[in-house]
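Letter by letter, the chains look like this.
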Amino acid sequence: MSDRRNISVTINGETFEREVETRLHLADFIRHECLLTGTHVGCEHGVCGACTILLNGQTARSCLMLAVQADGQEIKTVEGIAPNKEELHPLQQAFQDNHGLQCGFCTPGMLTTLLEFLEDNPDPTEREVREAISGNLCRCTGYQGIVAAALDAAKRLQAGS
Amino acid sequence: MGAKMFGARVPRLEDPRLLTGYGSYTDDFHLLDMLEAAFVRSPHSHAKINGIDVTAAVAHKGVVAVYTASDLPEDLRYTTVPFQVPNPAISQPFQQRLLEDREVCFSGEPIALIVADTRYNAEDAAMLVEVDYEILPGASDCKSSLDDAAPLCHADAPNNEGAKYTVGYGDLDAAFANAHLTHREEYWIHRGGGFAIENRAVVAKYEELDDVLTIWSATQSPFLVKQNIVDMLGWESDKVRVIAPDVGGGFGPKTVYYVEEALIPVIAKDLGRPVKWVEDRRENFLATNMERDQYWDMEIAVDVDGKLLGVRGSMIHDTGAYMPWGIISPYISATTFPGPYILPAYQLETRVALTNKVAVTPVRGAGRPQAVFAMERLMDRVADKLNLDRAEIRRRNLIPTEDMPYALGLIFRDGKPMTYDSGDYPKCQAEAMRLGDYDGFKIRQKAARAKGHHIGIGIANYVEGTGLGPFEGATVRIQPSGRICIYTGGGDSGQGHWTTLAQVCADKFGVGIEHIDVQKGDTGKIASGVGTFASRIAVNAGSSVHLASTEVREKAIKVAAHMLEAAEEDMDIENGRVGVKGSDLSVPLSEIARAVQGMPGFSLPGGVEPGLEATHYFSPSQSSYCNGTAVVEVEVDPETGQVEILKYSMAHDSGTLINPFVVDGQVQGAVAQGVGNSLLEWMVYDDNANPVSATFAEYLLPSAPEAPNVDVVHVESPTPINPLGVKGAGEGGTIPAAAAIIAAIEDALSPWDVEISCAPVTPSMIAEKVWAKACD
């Protein structure tokens, strides 16, 4: 029995058709087959959250999914957040303005997690933001800049909508 | 003239790339024909190897090569990693071999290396390597490993003592003879790691055409990697290029040179194809260096007013199975102990214990959190016994500003007598107390207790030697486009060097930082460099950028004066144009840069040398000493032992600030790491030194709900040691955290008279201590 399958996955609006091993996890597929290396792998056991992507609009840990499970699905990664090459999304801009990142390695997972969260909860409290990112580890910032960025982004997004 | 950039709170230039997914970390490299590597690592903390059978692995799908020690080039078979920092106090400087085939001394030690078409196939094959282990007992706890009956860490060693030394000064006999009060106590600070979210990673590519080896490594110190490769492999220095691309966090462990950084290049050259190895998190727990485990046994003597007379004692430091950085961490511990206090007499004997664990090398704070914990806890005990306020006893002992520079009487790790260069310790403590409303706390505590809430406050001071030599350098070059490019050797693992080094340069040319590029961490771009560790880049690279920028500015003025037929002293630079003051005459930097490229057949303007660039290497005469005070307020649930940090205030003096925004971030992140060391991070080993906590589900890092908001106030005492007046800022937040947090927990539990003399302290430990006291 072949352990390979043909899959078709739409990432940031672009369709990727590949033949993959069934055991290939989704983060490796996105990074090494589709060469979208913005999604990062930090622990491969679902704790650090660096590999978080949006699967059909909902956050998922791409290290805990197989690529074949994403067949026919739509994914958004960090590369798909900004509206265009010149402009940052308000959430990304808030990260820069509030020193919400240092090394940048956990940042893609933080952004995807917060995108979903701010859609569900457009006017969160600080405590709610901290709970929302409690599954994303950052070793650089102590989270203070990230939390400030999320609260700032909520204001910007509300003002913009 | 644009806004002044040096000292401005400006957002970072690095961020847009990193926020849009276009950073390039080592695992992001996909080279043509690249192979991937996986290691076979010892599952035992200590074992003799009687045989290795790789037959099945070699035959596995996709496998290109399998290496054990005997497959390595003959001259590398028994070679060990170069010993980085020798010291006569070290009696057993064990260093790791590239691959081990006789005796493994920690769980995770590499035995074989599989190279295959994919990482998946390489890992499959690694499982097929049969190693015949004869399991030996392991030395686990560093204190008991120094007992005569302890299992030996290295089977052929006489004992487990790797080093022994004593530091001190003053008349301790007199101090204790004259003491009004003495107190003796033992402290234990437990092992923890750096745990950058990006694991280690190496890609190596050998180009036969020009015989050049290029290595990309997730390292803090590309020049140290290169130096070690050159020393170890005997390759010509100009045939090796090491690049630290974007690095996803460092925190110390990525400073050190590892066997994987030697093996991957060797194998890439051997196979003639690029090879990538990316550490997974389990390997990171097993094989990336850690720090911290120390036992202190200290006795303090004070007079009737609580003034320090002397401290004496001993310390045992766990160094793991190997000593790649010798005694750097414990030596820093020993010399950090006196801190900001006038301590007339001090003596500490240190014994460094070999244990069957991964090696110990500096982790953010580098031996200082342990020393500060011991000193600050002693201060608390003496204050309590004298019925003095814990802040007041500190205030009475602080070195006054007028005594700066202050010679301590010890030799620091840089070989220089320890002389605190500058600092206002009383002001720092006062500022932290103001920020944390220390004086109002008793009222808050009384009110909280009336409602059944147990809140407490803790305070801790520290002094930290930063900005260590030998040097760092910078080339500042104005390109024909007019853009300015800075090249420097240390890598960036989140510190924001592009932004801060651009801020040092920008004002010299009257431009915004967006006109400046910084290329860092590439041994092909500047002749010499060291690395990003020991809170040293702002001091060393920053000063180099300042010196090189000043020289380029002078040259630009000289050439422009020649071009405009004006006197040099009449010239000024504004908005990237050099012009004659009070006139419209000016020439842009781009034109000057082109002019000094020359024209075929003509002399250079003003007789200058070609190129609008300069290189400087700044070497500090000694460390610059940063300091700070943490004031922490916590609430503790005495039944569950749960701790919540209510308010974290930090006064921080790292000299002149280049960018307060960036320094705030460094302090906040460093505090979070200190919170982990105080409450969460516990690397568990069994009695034979086999790791038990090797995932993030077992070893807990602080997450957002546990990490406090940190209020930071900056006290700026410029150092005279460098032209910018800056000191290091990357580690200060971590250093007093455990001392202050645990003091606050103790204070919250004062109705039960609970004493805590270790870190971290977990909820169950706290609850047990309360229960034990409640049952008394």
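Residues numbered from 1 in each chain as written. Chains lettered and ligands numbered in written order. Predicted model: local features only at pLDDT ≥ 70, side-chain atom pairs only at ≥ 80, totals over all residues.

Novice: Hey, could you run me through the overall build of chain B in this one?
Specialist: When helices and strands are counted, chain B shows 18 helices and 31 strands. Against the compact-globule benchmark of 28 Å for 776 residues, chain B has a radius of gyration of 28 Å, which places it among compact chains. Along the first, second and third principal axes, the C-alpha set of chain B runs to 95 × 75 × 50 Å. Of all 776 residues assigned to chain B, the portion counted as buried reaches 60%. Of the contacts formed within chain B by residues at least 6 apart in sequence, a portion of 81% connects residues at least 24 apart. (Helix = DSSP H or I, 4+ residues; strand = E, 2+ residues; numbered from the N terminus. Rg over C-alpha atoms; globule rule 2.2 N^0.38 Å. Buried ≥ 20, exposed ≤ 12 C-beta atoms within 10 Å, placed from the backbone. Contact = placed C-beta atoms within 7 Å.)

Novice: Sorry, what's going on with the sheet that holds strand 21 (residues 472-478) of chain B here?
Specialist: All names here are of chain B. One open sheet accounts for 4 strands, arranged 23-22-21-27; its pairing is mixed. A single partner strand is all that each edge strand has here, and the edge strands are strand 23 (516-520) and strand 27 (613-618). This sheet shows a mean twist of 15° between the axes of neighbouring strands, independent of strand direction. Here 6 bridges tie strand 21 to strand 27, and the two strands are oriented antiparallel to one another. Opposite Gly473, over in strand 27, you have Tyr617 as the bridge partner. Most of the contacts of helix 13 (residues 497-509) go to strand 23, to which it runs at about 135°, and overall it touches strand 21, strand 22 (484-488) and strand 23. Those strands touched by helix 14 (residues 537-564) are strand 21, strand 22 and strand 27, and its axis lies near 35° from that of strand 21. (Pairing = 2+ DSSP bridges. Axes fitted to C-alpha atoms, helices over the stretch in contact; angles between N-to-C directions.)

Novice: I'm lost on the sheet that holds strand 7 (residues 161-169) of chain B in this one. Help?
Specialist: Two pairing modes exist for strands in a sheet, parallel and antiparallel, and in both the strands are linked by backbone hydrogen bonds. Residue and element names in this part refer to chain B. Read across the sheet, 6 strands follow the order 7-17-16-15-8-31 without closing on themselves; strand pairing throughout is mixed. Looking along the sheet, the strands with just one partner apiece sit at the ends: strand 7 and strand 31 (758-759). Bridging between strand 8 (residues 181-189) and strand 15 (residues 294-302) involves 9 bridges; their strand directions are antiparallel. Paired with Glu185 across the bridge in strand 15 is Met298.

Novice: How do you make sense of the interface of chain B and chain A when you look at a structure like this?
Specialist: Accessible area lost upon the coming together of the parts is a frequently used measure of interface size. Opposite the 43 residues of chain B that make contact, chain A presents 44 residues. Contributions of two or more residues to the side of chain B that touches chain A are made by helix 1 (15-19) and helix 16 (660-680) of chain B.

Novice: Which parts of the structure should I look at to understand the confidence of the model for chain B?
Specialist: Close inspection of predicted coordinates is inappropriate in any region flagged by low pLDDT. Per-chain confidence: chain B averages 96 in pLDDT, with 100% of residues scoring 70 or above. For this predicted complex, the interface confidence reaches an ipTM of 0.98, while the overall pTM sits at 0.97. (pLDDT = per-residue confidence, 0-100.)

Novice: Looking at this structure, how should I read helix 6 (residues 259-271) of chain B?
Specialist: Residues that lie three or four places apart on an α-helix share one face, since the helix turns once every 3.6 residues. Residue and element names in this part refer to chain B. Its 13 residues place the ends of helix 6 18 Å apart at the C-alpha level, agreeing with the 18 Å of an ideal helix rising 1.5 Å per residue. Most of helix 6 sits inside the fold, with 11 of its 13 residues counted as buried. Within helix 6, the full set of buried residues consists of Val259, Glu260, Glu261, Ala262, Leu263, Ile264, Pro265, Val266, Ile267, Ala268 and Lys269. Phi for Gly272, located one or two positions after helix 6, is positive at around 70°. (Expected span 1.5 Å × (residues − 1).)

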